Amino acid sequence: MVMMPYQIFKVILRKSKVGYKNDFLEQNQDKINEEWVCYCNEINSTRHKYGLDSKVFTPNDKERFAIAYIESKLI
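This one's a predicted model, so the numbers in the text were calculated from it and none came from an experiment.

A.B. asks: So, helix 3 (residues 59-74): which residues are in play, and what are the values?
C.D. replies: The terminal C-alpha atoms of helix 3 lie 23 Å apart, and with 16 residues this matches the ideal 22 Å at 1.5 Å per residue to within 8%. Turning to helix 3, its buried residues number three or more, namely D61, F65, A66, Y69 and I70. Each buried residue of helix 3 sits inside an arc of 165° when the element is viewed along its axis, so together they form one side.

A.B. asks: Quick rundown of the environment of I70? Include the residues and the values.
C.D. replies: Following the sequence through the fold, I70 ends up in helix 3. Linking I70 and F24, residues 46 residues apart in sequence, is a C-alpha distance of 7.2 Å.

A.B. asks: Pulling in residues and values, what's your account of the nonpolar core?
C.D. replies: In this structure, F24, I32, W36, C40, F57, F65, A66, Y69 and I70 together form the largest nonpolar core, which totals 9 residues. Mapped by element, the contributors of at least two residues to this core are helix 2 (29-49) and helix 3. If one sorts the elements of this core by residue count, helix 3 sits on top with 4 residues. What F65 contacts, discounting residues up to four positions off in sequence, is I32, E35, W36 and Y39.

A.B. asks: So what's going on with the pattern of salt bridges? Which residues, and what values?
C.D. replies: Scanning the entire structure with this criterion turns up 3 salt bridges. Between D61 and K55 there is a salt bridge, and its shortest N-O distance comes to 3.5 Å. A salt bridge links D61 to R64; the shortest N-O distance between them is 3.9 Å. In this pair, D61 and R64 both sit in helix 3, 3 residues apart, roughly one turn of the helix. Each member of the salt-bridge network shares a partner with another, and the members are K55, D61 and R64.

A.B. asks: For helix 2, give the residues involved together with the corresponding values.
C.D. replies: Given a rise of 1.5 Å per residue, 21 residues ought to cover 30 Å, and the 30 Å separating the end C-alpha atoms of helix 2 matches this to within 8%. Every buried residue of helix 2 is listed here: I32, W36, C40 and N44. Projected down its long axis, helix 2 carries its buried residues within an arc of 100°, all on one side. Exposed residues pointing more than 90 degrees away from the buried face of helix 2 are listed as D30, E42 and K49. G51, located one to two residues past helix 2, shows a positive phi value of around 75°.

What counts and what doesn't
- Residues numbered from 1 in each chain as written.
- Predicted model: local features only at pLDDT ≥ 70, side-chain atom pairs only at ≥ 80, totals over all residues.
- Heavy atoms only, no water.
- Helix = DSSP H or I, 4+ residues; strand = E, 2+ residues; numbered from the N terminus.
- Expected span 1.5 Å × (residues − 1).
- Buried < 20%, exposed > 50% of the residue type's maximum accessible area, 1.4 Å probe, protein only.
- Arc of directions from axis to C-beta.
- Core = buried A, V, L, I, M, F, W, Y, C linked by side-chain atoms within 4.5 Å.
- Contact = heavy atoms within 4.5 Å.
- Salt bridge = Lys/Arg side-chain N within 4 Å of Asp/Glu carboxyl O.

Next comes the structure, spelled out in structure tokens:
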């Protein structure tokens, strides 16, 4: 399969964004952790309001949150 110039550009751009995300993650880990705790508390507060059990968050949930947090700051 031959990649078109636009596809090659997208691959390069994706790799540079990943590197930037990793740098951003390292520099802002404390803030991301603070926001994660607030996020978990808000979710569970809402669940308790409706008589639901607390949600048990997984490491994958935290990773997805961190990615969404980083992407929201890059825009």
